Amino acid sequence: MAEHSQAGSGADARPLSPHLQVYRMTVTMTMSIIHRITGAGLYFGTLILVYWLASAASGADAYADAQWLLGSILGQLVLFGYTWALIHHMFGGIRHFIWDTGAMLDKHTASRLAWLSLAASITLTLVVWVAAYAVMA
């Protein structure tokens, strides 16, 4: 019968990959995850945009139906989320572009940049929606 060697014993000794429990979640890790999630969300939001454009091209009745759906409270919440995802993903891309240049990679500056991109995405989303409501009023 063959013996089973355990990690860390004998000639097979090699380090094991750290488990997720070893890491403390940081703002840059969280923002990286959110960047991926918003990227996926943009796919579905773009389908909504295509639906709206296709309804506009399909005639007044189809467009009225789309306007009703997207104008509902649920539709507005989805569009607000889509707006935030689009703006947040943009700021995340800018953040990654800055890092690609080799700038702002130290721990504290990277964390500040991550917080800044979150604050900027929330602020700009609110500005866009307030401006849109002001124009419609």
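This is a predicted model, so every value here is computed, not measured. (Residues numbered from 1 in each chain as written. Predicted model: local features only at pLDDT ≥ 70, side-chain atom pairs only at ≥ 80, totals over all residues. Heavy atoms only, no water.)

**Let's talk about the overall build of the protein**
Point 1. Counting its regular elements, the protein contains four helices and zero strands.
Point 2. Secondary structure elements of the protein, listed N to C terminal, follow the sequence α-α-α-α.
Point 3. Looking at the protein alone, contacts between residues at least 24 apart form 66% of all its contacts between residues at least 6 apart.
Point 4. Surface summary for the protein: the accessible area is close to 10100 Å², and the carbon and sulfur share equals 71%. (Helix = DSSP H or I, 4+ residues; strand = E, 2+ residues; numbered from the N terminus. Contact = heavy atoms within 4.5 Å. Areas by Shrake-Rupley, 256 points an atom, 1.4 Å probe, with all protein chains shown as cover.)

**Examining helix α4 (residues 107–136)**
Because each turn of an α-helix spans 3.6 residues, side chains separated by three or four positions in sequence point in the same direction.
Point 1. With 30 residues, α4 should cover 44 Å at 1.5 Å per step; its first-to-last C-alpha distance of 44 Å lies within 8% of that length.
Point 2. Within the span of α4, buried status applies to Thr-109, Ala-110, Leu-113, Ala-114, Ser-117, Ser-121, Thr-125 and Trp-129.
Point 3. Buried positions along α4 lie against α1 (27–58) and α3 (73–100). (Expected span 1.5 Å × (residues − 1). Buried < 20%, exposed > 50% of the residue type's maximum accessible area, 1.4 Å probe, protein only.)

**A closer look at the environment of Val-128**
Point 1. Relative to the helices and strands, Val-128 is located in helix α4.
Point 2. The spacing of Val-128 and Trp-84 is 44 residues in sequence and 9.6 Å in space, taken between C-alpha atoms.

**Considerations on the confidence of the model for the protein**
Point 1. Confidence along the protein averages 89 in pLDDT terms, with 86% of residues attaining 70 or more.
Point 2. Within the protein, helix α2 (residues 60–71) carries the highest mean pLDDT (97), whereas α1 carries the lowest (94). (pLDDT = per-residue confidence, 0-100.)

**Considerations on the packing of α1 against α4**
Point 1. Look at α1 against α4: their axes get within 9 Å of each other, and the N-to-C directions meet at 45°. With respect to their mutual orientation, α1 and α4 come out oblique. Crossing hand, α1 versus α4: left-handed. Across the interface between the two elements, Val-27, Thr-28 and Met-31 of α1 pack against Ala-110, Ser-111, Ala-114, Trp-115, Ser-117 and Leu-118 of α4.
Point 2. A per-class count over the contact of α1 with α4 returns six nonpolar, three polar and no charged. (Axes fitted to C-alpha atoms, helices over the stretch in contact; angles between N-to-C directions. Parallel < 35°, antiparallel > 145°, perpendicular 65-115°, else oblique. Left-handed = near helix turned anticlockwise from the far one by under 90°. Nonpolar A, V, L, I, M, F, W, Y, C, P; charged D, E, K, R; others polar.)

**Some thoughts on unusual backbone geometry**
Point 1. With a phi angle near 60°, Met-104 is a residue other than glycine that sits in the positive phi range.
Point 2. Locating Met-104 in the fold gives a position in the loop between α3 and α4.
Point 3. Under the relative-accessibility criterion, Met-104 is labelled partly exposed at 38%.

**Details of the side chain of Thr-83**
Point 1. Its location among the elements puts Thr-83 in helix α3.
Point 2. Under the relative-accessibility criterion, Thr-83 is labelled buried at 16%.
Point 3. Setting aside its immediate chain neighbours within four residues, Thr-83 contacts Thr-125, Val-128 and Trp-129.

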